[in-house]
Amino acid sequence: ANTQGSKYEYVFKVLLLGDSGVGKSNLVIRYQRDEFSPQSRNTIGVDFSTGSIEIEGKTVGAHFWDTSGQERFRSITSAFYRGAYGAFLVYDISKKETFDNVQERWLHELRYSTSQDIVITLIGNKSDLESTRQVGREEAKAFADQNGFSFMETSAKDAQNVRTAFESILTEIYHREI
Ligand code: GDP
Ligand code: MG
């Protein structure tokens, strides 16, 4: 429901979680502005960005929260998690440790910090880096299935699946909430 004074009837807060460098900021930039930034931005704090989407004739607002660097050296504050309807758990398909950290750190933090049952999508980003892949599609899919998450491989660089990933999670939240 709309508790944030927005012009939309519904506003869904969606988190982007995952190790520094997996491409969280670029996924949002690709979805919102259809751009890609080869430089990593190291601003400390929470990156906040708003968008909207048409679902079944209704315009639904979306707030995307990206940790923007703080994930590297300290834990995320509870305000970051508060009121979230959905989350992307993001790893880099060319860096195995980022997938391990989704299982060993991010999923636990998310579960610990959110009381409600939120919609989660596992994202294997940088699918353009096929030649240096370290995380198999099957392995990731199996982990997602075990936990009831959706799963998608994306590339913020060449835009593969990015729109689909955002539209899917917002549509899934919409159907769950409304
Ligand atoms: P964040 O720390 O998770 O927010 O990651 P960033 O969005 O800042 O991206 C980290 C680095 O990875 C930057 O140099 C990006 O240009 C690069 N990057 C992000 N997404 C992709 C992608 O899909 N493919 C490739 N090849 N590089 C990417
Ligand atoms: Mg970032």
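Residues numbered from 1 in each chain as written. Chains lettered and ligands numbered in written order. Predicted model: local features only at pLDDT ≥ 70, side-chain atom pairs only at ≥ 80, totals over all residues.

Visitor: Which residues make up the overall build of the protein, and what values go with them?
Guide: Helix and strand counts for the protein stand at five helices and six strands. The order of helices and strands in the protein, counted from the N terminus, is β-α-β-β-α-β-α-β-α-β-α. The burial tally for the protein puts 37% of its 178 residues in the buried class. The long-range fraction of contacts in the protein, counting pairs at least 24 apart against all pairs at least 6 apart in sequence, stands at 71%. (Helix = DSSP H or I, 4+ residues; strand = E, 2+ residues; numbered from the N terminus. Buried ≥ 20, exposed ≤ 12 C-beta atoms within 10 Å, placed from the backbone. Contact = placed C-beta atoms within 7 Å.)

Visitor: Describe the packing of helix H1 (residues 24-33) against helix H5 (residues 162-177), listing the residues and the values that go with them.
Guide: It is the contact of H1 with H5, at a shortest axis distance of 9 Å, that shows an interaxial angle of 90°. The angle between H1 and H5 falls in the class roughly perpendicular. Between H1 and H5, the contacting residues are Leu27, Arg30 and Tyr31 on the first element and Val162, Arg163 and Phe166 on the second. Broken down by class, the residue content of the contact of H1 with H5 amounts to four nonpolar, no polar and two charged. (Axes fitted to C-alpha atoms, helices over the stretch in contact; angles between N-to-C directions. Parallel < 35°, antiparallel > 145°, perpendicular 65-115°, else oblique. Nonpolar A, V, L, I, M, F, W, Y, C, P; charged D, E, K, R; others polar.)

Visitor: Go over the site of ligand 1 with me, naming the residues and quoting the values.
Guide: Around ligand 1, the structure places 18 residues, and the nearest of them are Gly23, Lys24, Ser25, Asn26 and Lys157. Considering each element in turn, the shell around ligand 1 owes the most residues, three residues, to H1. Classifying every residue of the shell around ligand 1 gives four nonpolar, nine polar and five charged. (Near = placed C-beta within 6 Å.)

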